[in-house]
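Below are the chains, spelled out letter by letter.
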Amino acid sequence: MQERSSVSPLELFFDLVFVFALTGVTALMADDTSARNLVRGVLVMAVLWWSWIGYAWLANVVRADEGFARVAMFFAMGSMFIVALTIPEAFDDLPGGLSGPVVFAVGYFFVRLMHLVTFWIASAGDLQLRGQLIRFVPSMVAGTTLLLIASQLSGTAQTLMWLAALVGDYLGTLFGGEGWRLNSPSHFAERHGLIIIVALGESIVSIGIGVTALPIAWPIVVGSLLGLAVSGLLWWAYFDTTTLAAERALSAATGATQIKLARGGYTFLHLPMVVGIVLISLGLKKVLNYVGDGSHHTLTDPLYGIPLVALFGGAALFLLGLAAFKAYVTRLMGPVNRARITTAVVLVALIPLAWHLPALASLGLLTAVLLALILFETVRFAEHRDEIRHGAH
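Residues numbered from 1 in each chain as written. Predicted model: local features only at pLDDT ≥ 70, side-chain atom pairs only at ≥ 80, totals over all residues. Heavy atoms only, no water.

For the protein chain, the name recorded in an unreviewed UniProt entry is Low temperature requirement protein A, with Rhodococcus oryzae as its organism.

A. Inspection of the overall build of the protein chain at higher detail. Each helix and strand in the protein chain was counted, giving 16 helices and 0 strands. The C-alpha atoms of the protein chain give 21 Å as radius of gyration, which agrees with the globular expectation for 393 residues (21 Å, within 12%). Dimensions of the protein chain along its principal axes, counting C-alpha atoms only, are 65 × 60 × 35 Å. Put simply, the protein chain has 393 residues, and 54% of those count as buried. Counting only contacts in the protein chain whose residues sit at least 6 apart along the sequence, the fraction spanning at least 24 positions is 82%. When the accessible surface of the protein chain is split by element, carbon and sulfur atoms take 70% of a total near 16000 Å². (Helix = DSSP H or I, 4+ residues; strand = E, 2+ residues; numbered from the N terminus. Rg over C-alpha atoms; globule rule 2.2 N^0.38 Å. Buried < 20%, exposed > 50% of the residue type's maximum accessible area, 1.4 Å probe, protein only. Contact = heavy atoms within 4.5 Å. Areas by Shrake-Rupley, 256 points an atom, 1.4 Å probe, with all protein chains shown as cover.)

B. View of the nonpolar core. In this structure, Phe18, Val44, Leu48, Trp49 and Trp162 are the most contacted members of the largest nonpolar core, which totals 127 residues. It is helix H2 (residues 35-61) that provides the largest number of residues to this core, a total of 17 residues. Dropping the residues within four chain positions of it, Phe18 is found in contact with Met45, Leu48, Trp49, Trp52, Met80, Ile195 and Val198. (Core = buried A, V, L, I, M, F, W, Y, C linked by side-chain atoms within 4.5 Å.)

C. Summary view of the environment of Val369. Residue placement: Val369 occurs in helix H15 (residues 359-380). A sequence separation of 23 residues divides Val369 from Val346, and the C-alpha atoms of the two residues are 8.5 Å apart. When near neighbours in sequence (up to four residues on either side) are disregarded, Val369 contacts Thr343, Leu347 and Leu350.

D. Focus on the packing of helix H1 (residues 9-31) against helix H11 (residues 270-292). In the contact formed by H1 and H11, the axes pass within 9 Å of each other and the chain directions differ by 55 degrees. Put simply, H1 runs oblique to H11. The handedness of the crossing between H1 and H11 comes out as right-handed. When H1 is examined against H11, the residues Leu22, Val25, Thr26, Ala27, Met29 and Ala30 are found in contact with a partner set consisting of Val278, Leu279, Ser281, Leu282, Lys285 and Lys286. For the contact of H1 with H11, the residue count by class is 8 nonpolar, 2 polar and 2 charged. (Axes fitted to C-alpha atoms, helices over the stretch in contact; angles between N-to-C directions. Parallel < 35°, antiparallel > 145°, perpendicular 65-115°, else oblique. Left-handed = near helix turned anticlockwise from the far one by under 90°. Nonpolar A, V, L, I, M, F, W, Y, C, P; charged D, E, K, R; others polar.)

E. Layout of the packing of aromatic side chains. Tallying each qualifying case throughout the model produces 20 aromatic pairs. The interplanar angle of 65 degrees and the centroid separation of 5.5 Å between the aromatic rings of Phe188 and Tyr266 together place this pair among those described as edge-to-face. Residue Phe188 is found in helix H7 (residues 185-211), and its partner Tyr266 is found in helix H10 (residues 255-268); the two are separated by 78 residues along the sequence. Here Phe188 and Tyr266 have matching classes, each one buried. On the basis of an interplanar angle of 10 degrees and a centroid distance of 6.2 Å, the ring pair of Tyr238 and Phe325 is categorised as stacked. Of this pair, Tyr238 sits in helix H8 (residues 218-239) while Phe325 is found in helix H12 (residues 305-330), placing the two residues 87 residues apart along the sequence. These aromatic residues form a ring-pair network of at least three members: Trp57, Phe188, Trp235, Tyr238, Phe239, Tyr266 and Phe325. The residue whose ring lies beneath Arg130 is Trp120, and the NZ or CZ to ring-centre distance is 4.0 Å. (Phe/Tyr/Trp six-rings, centres within 6.5 Å; stacked < 30°, edge-to-face > 60°. Lys NZ or Arg CZ within 6 Å of the ring centre and 35° of its normal.)

In structure tokens, the structure reads:
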């Protein structure tokens with residue numbers, strides 16, 4: 001793979017399944033806006049992320065659209081699609097048909113198995129990578145086995161078994177060594193940038209789904225534009241300078257240091273950003289339903305409870321993940337990150353106030369805070385921003 005190789009069309013096609021899966025997670029949390037169900041949604045999101053992230057590493061070592069890898073990607077897409085279809089039954093089986101939790105766990109196993117088999121074939125002649133794969137197998141087996149065991153449980157025991165499966169999988173990767181390969185840092189960074197766009201796309205889809213059966217009215221127009229503005233401001237925060245600075249730092253690193261930066265900054269610290277966007281999607285969906293459905297709500301009704309916490313907390317989580325990502329990869333906290341951390345704290349502090357505001361006003365408040373952050377960064381750090389975007393590199 002050449003250093004400046006771009007993401008292949010097959011990888012983008014693979015991401016379409018991930019888009020559908022994110023929609024399923026949002027719907028799962030929206031159907032029952034309890035804290036328990038919110039935790040379940042985040043757990044499902046973590047499983048989906050681990051399914052996707054493995055193929056981001058794989059496609060950086062081999063061409064995803066060539067040879068056996070192409071066939072493997074399609075098999076993985078099929079398994080991933082079944083997993084996505086089963087999200088509504090990931091914890092509670094619906095009457096009739098197959099066992100939803102079992103199908104979810106088996107589908108996840110096949111996604112991971114195909115990843116491992118393809119990596120094994122691609123590592124022929126590379127003893128270091130083969131050794132890394134062998135060290136990786138125990139965490140993969142533990143994670144998939146515990147998830148299958150969880151499919152036979154219910155209630156708190158089931159949730160705890162899900163958590164154990166994820167902890168085993170994630171920690172196994174974290175402490176499993178730095179023997180992986182990163183052939184193209186630019187491809188790796190682009191891949192993760194595109195998944196952020198995919199997640200933001202889901203937030204826009206949630207706006208539309210929230211009002212799809214309602215007649216158009218000015219509150220829907222205003223709410224939709226505010227929701228789109230929130231997504232756009234998050235896009236700006238990620239893509240304006242952060243992803244550029246991080247990609248250059250990743251490209252400049254070598255050996256085990258480069259693998260650590262890729263694993264920590266992209267594999268782990270992109271997860272809270274994606275989870276944050278999905279939580280925002282839940283909040284946006286509920287806001288648009290509030291302002292558009294006059295038969296059940298009025299324009300003065302406040303957004304409260306889990307949907308409000310998801311809306312403001314999701315934005316705070318995204319900003320915290322973004323700040324941690326930049327600080328970890330570039331090894332520099334900097335004033336930009338401190339501004340983002342401060343904004344995240346402000347968003348959390350505003351939740352009690354927003355609890356008593358009309359839903360549309362709460363969305364407007366969130367938009368105003370994010371806009372203030374972007375304007376502050378653009379003006380206050382104009383020289384730094386120009387250097388990153390247009391300076392020599």
